[in-house]
Amino acid sequence: LSRSTFVGSGTWVAHWLGDNFSNWSNLRKSIIGMLQFNQFGIPFVGADICGFIGDTEPDLCARWQQLGAFYPFSRNHNALGTIEQDPGVFGPEVAKITKDALMIRYSLLPFLYTLFYQHYTQGGTVARPLWHEFPRDSETRTIDDQFMWGKALMISPVLEK
């Protein structure tokens, strides 16, 4: 696992997007970073769920858990000196939201593993922007808050409070 990668690293490493902030803006921007690294040939990528720097809040963490379940590399990680980000800390509602999102991820692991295998054997991306699948649709060129897993599954997260 590294945040210092180079072209071709995707064959051997996972990449995390670095020390992000616990805010709604960084939640949204994490999608762009994940898609960029997939385009660079590094598909096993994700951001620090709930943010790394600063204290998160229950609504933000719940929404980030939902999005993060669809990062190819999914983990919750935060800085020393910030509040705990374990979903159970925020009560049963956030814990249930997180569990439900992770259960969806777990049910899709065979599909995700297939996408990684296809990346390994044929190239291409695991997570991809909509324009990658719909290049003739000019509307998709500016959509950076939704993405696809392969050709079959579109993820459209809630990114606002």
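Since this is a predicted model, take the numbers as computed values, not measurements.

Conventions adopted
Residues numbered from 1 in each chain as written. Predicted model: local features only at pLDDT ≥ 70, side-chain atom pairs only at ≥ 80, totals over all residues. Heavy atoms only, no water. Salt bridge = Lys/Arg side-chain N within 4 Å of Asp/Glu carboxyl O. Helix = DSSP H or I, 4+ residues; strand = E, 2+ residues; numbered from the N terminus. Buried < 20%, exposed > 50% of the residue type's maximum accessible area, 1.4 Å probe, protein only. Contact = heavy atoms within 4.5 Å.

Asker: An account of the pattern of salt bridges is needed here, citing residue identities and associated values.
Answerer: Within this structure, the stated rule accounts for six salt bridges. The partner of Lys161 in a salt bridge is Glu57, with the nearest N and O atoms 3.2 Å apart. Residue Lys161 is found in the segment after strand S7 (153–155), and its partner Glu57 is found in the loop between strand S3 (48–49) and helix H2 (58–68); the two are separated by 104 residues along the sequence. Residue class for Glu57 comes out partly exposed when judged on its relative accessible area of 29%. In this structure, the salt-bridge partner of Arg128 is Glu133, at a minimum N-O distance of 2.7 Å. Take Arg128: its relative accessible area is 8%, and that puts it in the buried class. The network of salt bridges with common partners includes Arg28, Asp145 and Glu160.

Asker: Describe the side chain of Asp48, with residues and values.
Answerer: Secondary-structure assignment places Asp48 in strand S3. Filtering out sequence-adjacent residues up to four positions away, Asp48 remains in contact with Trp16, Gly18, Asp19, Asn20, Trp64, Arg75 and His77.

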